[in-house]
Amino acid sequence: MPRLKDFIELHFIVFLWGFTAILGKLISIPAVELVALRTSITAVAIGAIIYQRGTPFWMGREQALKLLGVGFIIAAHWILFFAAARVSSVSITLVGIATCSLWTALLDPLFSKSKIKPHEVLLALLVIFGLYIIFQNETEFDSILGITMAIGSALMGSIFTIINAKLVKKIPSTTITTYEMTGACLATVLFFPIYTTYFAEGGSLNFSMGAMDWVYLLVLALACTVYAYTASVRLMQRITAYTMNLTVNLEPIYGIILALLIFKEDEQMSSGFYLGAAIILLSVFIYPVLDAYDKRRKKLKQAFPEQVVVGED
């Protein structure tokens, strides 16, 4: 059962994640190179923690390949996330990421082989409506491309969160994170030839960074990844995947406020964008009410089953 302390820590983690898009925009190198450095630093740092603690590391070939495979999904998630912030804005990127709850509502029943809950479908429709309003009002190509990439990033994020929710029941969170960060780094390196051929500016990798870039990168890797990611995986032992992703929907609120304070007029959006974003974020506050009602209804149904009255002929 989750404790109050778990929810407080989860919200702090989400606050850190709200800062990642800002850091990604402040760091001067492109998204692919950024993910390669972030994942390599994270894998080494968490590997050192595992060595110091003596945490079991080798999980067998099958589990190791599975965890490395999840890392490939994480690489796609982060590359799309940072690329979205570069081509559009932090605000647009974070609203796209808020669709994690939509993807989880659709995908979690497939992974867990459970029934789709009606109120989760309602939330999904609410998110789609909010996205429709945003697409209607944001007509610039960069904005549309940015939110599309962010939605794709949210899909990847939802998939690896659902998978991790199952893995963390059997494997220590630090071990999971080390394997997955290694897999993400490997996936990014394997993507380099395609990236430099079709996407990289000038057809070559760019790892040229200044002093402040390294400061931002270390904050991103150590605080927003090593701590936040490992702690979030650990919290999955007590918090469901849907609740986790629903809380992560608060990331845009924290991030947009921070972006407005840091980038000011560069983050000013149309009124339609804020209306659509408000509708998407409204799902965060509606869900607990609908979920509590659904659970209460089921308990009442179990406590007071329908009485079957048999009449006489």
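Here the structure is shown first, and the text comes after it.
The text that follows walks through the structure, step by step, so that each part is easy to find. Treat the numbers as computed from the prediction; the structure is a model and nothing was measured.

Let us now look at the overall build of the protein chain. Looking only at helices and strands, one finds 12 helices and 0 strands in the protein chain. Along the chain direction, N to C, the helices and strands of the protein chain fall in the order α-α-α-α-α-α-α-α-α-α-α-α. On C-alpha atoms alone, the protein chain measures out to a radius of gyration of 21 Å, which is about the 20 Å that the 2.2 N^0.38 rule sets for 313 residues. For the protein chain, the spread of C-alpha atoms along the principal axes amounts to about 90 × 55 × 35 Å. The buried share of the protein chain, taken over its 313 residues, is 51%.

Right, let's get into empty space enclosed by the protein. With the rule as written, the count across this model stands at 1 cavity of 30 Å³ or more. Around the largest cavity, the lining comprises 20 residues; the ones closest to its centre are Trp 17, His 77, Phe 160, Val 248 and Glu 251. The set of elements that each furnish at least two residues to the lining of the largest cavity consists of helix H1 (4–26), helix H3 (61–87), helix H7 (141–167), helix H9 (211–235) and helix H10 (241–248). The leading source of residues in the lining of the largest cavity is H9, at 4 residues. Taken together, the residues that form the lining of the largest cavity break down as 11 nonpolar, 7 polar and 2 charged.

We now examine the nonpolar core. Ranked by internal contacts, the top residues of the largest apolar core, which has 87 residues, are Ile 74, Phe 82, Leu 217 and Leu 220. Excluding its chain neighbours within four sequence positions, the residues that come into contact with Leu 220 are Thr 20, Leu 23, Ile 27, Leu 34, Arg 38, Phe 82 and Thr 225.

There is about 530 Å³ of room inside the second largest pocket. Lining of the second largest pocket is provided by 19 residues; of these, Val 32, Ile 79, Ala 83, Tyr 195 and Phe 199 occupy positions nearest its centre. Secondary-structure elements contributing two or more residues to the lining of the second largest pocket are helix H2 (31–53), H3 and helix H8 (173–198). Among the elements that line the lining of the second largest pocket, the one with the most residues is H3, at 8 residues.

In this structure the tally under the stated criterion is 8 aromatic pairs. A ring pair is formed by Phe 273 and Tyr 274, whose centres lie 5.3 Å apart and whose planes are at 75 degrees; its orientation type is edge-to-face. Through pairs of rings, three or more aromatic residues link up here, namely Phe 191, Tyr 195 and Phe 199. The residue whose ring lies beneath Arg 38 is Trp 78, and the NZ or CZ to ring-centre distance is 3.7 Å.

Turning to the packing of H3 against H7, a few remarks are in order. At their nearest, the axes of H3 and H7 sit 8 Å apart, and the two run at 155 degrees to each other. One element, H3, and the other, H7, form an angle in the roughly antiparallel class. Between H3 and H7 lies a crossing of left-handed hand. Its residues assigned to classes, the contact of H3 with H7 comprises 18 nonpolar, 7 polar and 2 charged.

Rules used throughout
Residues numbered from 1 in each chain as written. Predicted model: local features only at pLDDT ≥ 70, side-chain atom pairs only at ≥ 80, totals over all residues. Heavy atoms only, no water. Helix = DSSP H or I, 4+ residues; strand = E, 2+ residues; numbered from the N terminus. Rg over C-alpha atoms; globule rule 2.2 N^0.38 Å. Buried < 20%, exposed > 50% of the residue type's maximum accessible area, 1.4 Å probe, protein only. 1 Å grid on protein atoms, 1.4 Å probe; cavity = no way out; pocket = protein on both sides within 12 Å on 5 of 7 lines; lining within 4 Å. Points joined across faces, edges and corners; volume = space filled by probe spheres on them. Nonpolar A, V, L, I, M, F, W, Y, C, P; charged D, E, K, R; others polar. Core = buried A, V, L, I, M, F, W, Y, C linked by side-chain atoms within 4.5 Å. Contact = heavy atoms within 4.5 Å. Phe/Tyr/Trp six-rings, centres within 6.5 Å; stacked < 30°, edge-to-face > 60°. Lys NZ or Arg CZ within 6 Å of the ring centre and 35° of its normal. Axes fitted to C-alpha atoms, helices over the stretch in contact; angles between N-to-C directions. Parallel < 35°, antiparallel > 145°, perpendicular 65-115°, else oblique. Left-handed = near helix turned anticlockwise from the far one by under 90°.

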